[in-house]
Amino acid sequence: MTVNSLNLNHIAIIMDGNGRWAKDKGMDRIFGHKEGAKSAKKVIEACSDLNISYLTLYAFSTENWNRPQSEVDSLMSLLSLMLKNEIKELERNNIVFNVVGRVEDLPKSVQNIISDVIDRTKHNTGLVLSLALSYGGRQEIIDAVNKIIVSKKSEIINEEIVKNNLYCPEIPDPDLIIRTAGEHRLSNFLLWQSAYAELFVSKKNWPDFKKKDLMEALKDFENRDRTFGKLTD
Ligand code: FPP
């Protein structure tokens, strides 16, 4: 199987189960997130090696702000640390870094690191890695509609106008959405863009998700019959 033969441009992942993974080991939740960050790093490298064009990781949802402040703070610190530590690796692997979500909600220090990483990787030509941060699918659609209203460019909206006002209209819809930890739901992730995405659920908690699990998801995707609502010949 080669990725080129799969017609698979964009993989999006709901990285679930960090807390459960840590609990099973008698550790605190942030330990699970730290191990989850290691999994993210490996999956990013794997997608880059496989010549996948786009990878989007759901790292922090709008709903995650309602978690205990200590967990929110730890996640923000982990994100900052990871971006600072990995910038050279992103540059070396020719990865373009991007964020989807309400970046303005994040602490200023995190916003500064994000701008720096975006700036330093913007001329790369390989994998486009997007982190969904302070991201909610409903919020994204509301933000798009408000942008359209404020711009007063149109009174009647259509699919193209909404799409063009989403956070990153230039990124194609995900072909495959992977969710770990056995849950079968989207949890407000890429609601507009997931209209025709294939879903793959792994039972593994995110820190246990390895390259071989990614390959299993790709193998499964290979056997999907994507008709996009039409009839096959
Ligand atoms: C869901 O697990 C995971 C998150 C809310 C955060 C995801 C963050 C990471 C993987 C670490 C940072 C990653 C990057 C790329 C910087 P959960 O806490 O909801 O798990 P649970 O459902 O078992 O409690």
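Computed from a predicted model, the values in this text were never measured in an experiment.

About the thresholds
- Residues numbered from 1 in each chain as written.
- Predicted model: local features only at pLDDT ≥ 70, side-chain atom pairs only at ≥ 80, totals over all residues.
- Heavy atoms only, no water.
- Salt bridge = Lys/Arg side-chain N within 4 Å of Asp/Glu carboxyl O.
- Helix = DSSP H or I, 4+ residues; strand = E, 2+ residues; numbered from the N terminus.
- Buried < 20%, exposed > 50% of the residue type's maximum accessible area, 1.4 Å probe, protein only.
- Phe/Tyr/Trp six-rings, centres within 6.5 Å; stacked < 30°, edge-to-face > 60°.
- Near = heavy atom within 4 Å.
- Polar contact = N/O pair within 3.5 Å; in protein donor to acceptor, adjacent residues only side chain to side chain.
- Areas by Shrake-Rupley, 256 points an atom, 1.4 Å probe, with all protein chains shown as cover.
- Patch = residues over 30% accessible without salt bridge, like charges linked within 9 Å, V, L, I, M, F, W, Y side chains within 5 Å.
- Core = buried A, V, L, I, M, F, W, Y, C linked by side-chain atoms within 4.5 Å.
- Contact = heavy atoms within 4.5 Å.
- Pairing = 2+ DSSP bridges.

Novice: What am I meant to see in the pattern of salt bridges here?
Specialist: If charged atoms from side chains of opposite charge come close, those side chains can pair. All told, the structure shown has 21 salt bridges when counted by the stated rule. Note that E45 and K41 form a salt bridge whose closest N and O atoms lie 3.3 Å from each other. In this pair, E45 and K41 are both assigned in helix 2 (residues 29-49), 4 residues apart and thus about one turn of the helix distant. A relative accessible area of 29% means that K41 is categorised as partly exposed. Of the charged contacts, one joins D119 and K122 as a salt bridge, the two residues approaching to 2.7 Å between their closest N and O atoms.

Novice: Which parts of the structure should I look at to understand the packing of aromatic side chains?
Specialist: For any pair of aromatic rings, the description rests on two quantities: the centre-to-centre distance and the angle between the ring planes. Counted under the stated rule, the structure contains 8 aromatic pairs. An angle of 50° between the planes, with centres 5.6 Å apart, marks the rings of Y196 and F228 as tilted. Of this pair, Y196 sits in the loop between strand 5 (176-179) and strand 6 (198-201) while F228 sits in the segment after helix 7 (211-222); the two residues are 32 residues apart in sequence, bridging distant segments of the chain. Every member of this aromatic cluster is reached through a ring pair, and the members are Y58, Y135, Y167 and F189.

Novice: Just to check I follow, could you spell out the site of the ligand for this structure?
Specialist: In the region of the ligand, 19 residues are neighbours, and M15, G19, R20, R29 and R67 sit closest. The separation between an oxygen atom of the ligand and a polar side-chain atom of R67 is 2.8 Å. Contact with the protein chains hides 90% of the accessible area of the ligand, taken as 620 Å² for the molecule alone. Those elements that place two or more of their residues in the shell around the ligand are helix 1 (18-24), helix 2 and helix 3 (69-92). Ranked by residues supplied to the shell around the ligand, first place goes to helix 2 with 5 residues.

Novice: Please explain a nonpolar patch on the surface as it appears in this structure.
Specialist: A contiguous nonpolar patch, built from V145, I149 and I157 and spanning about 240 Å² of accessible area, is present on the exposed surface. Along the chain, the position of V145 falls in helix 5 (residues 137-151). Here V145 falls in the partly exposed class, since its relative accessible area comes to 30%.

Novice: Can you help me understand the nonpolar core in this one?
Specialist: With 44 residues, the main nonpolar core has I11, I13, L55, L57, F97 and I178 as its most contacted residues. Broken down by element, the residue count for this core peaks at 7 residues, all from helix 3. Sequence-distant contacts of F97, that is, excluding residues within four places in its chain, are made with L83, L90, I114, V117, I118, T121, L129 and L131. Counting 14 residues, the second largest nonpolar core, distinct from the first, contains V128, Y135, I177 and L190.

Novice: Even after reading the chapter, I still don't get the pairing of strand 5, so can you show me in this structure?
Specialist: Within a regular strand, the side chains alternate between the two sheet faces. Residues of strand 5 alternate between two faces, with L176 and I178 on one and I177 and R179 on the opposite face, all of them buried. Relative to strand 5, strand 1 (residues 10-14) runs parallel, the two being bridged by 4 bridges. Counterpart to I11 in the pairing with strand 5 is L176. As judged from the 4 bridges shared by strand 5 and strand 6, these two strands associate in the parallel manner. What sits directly across from I177, in strand 6, is L199.

That is the geometry; function is a separate question.
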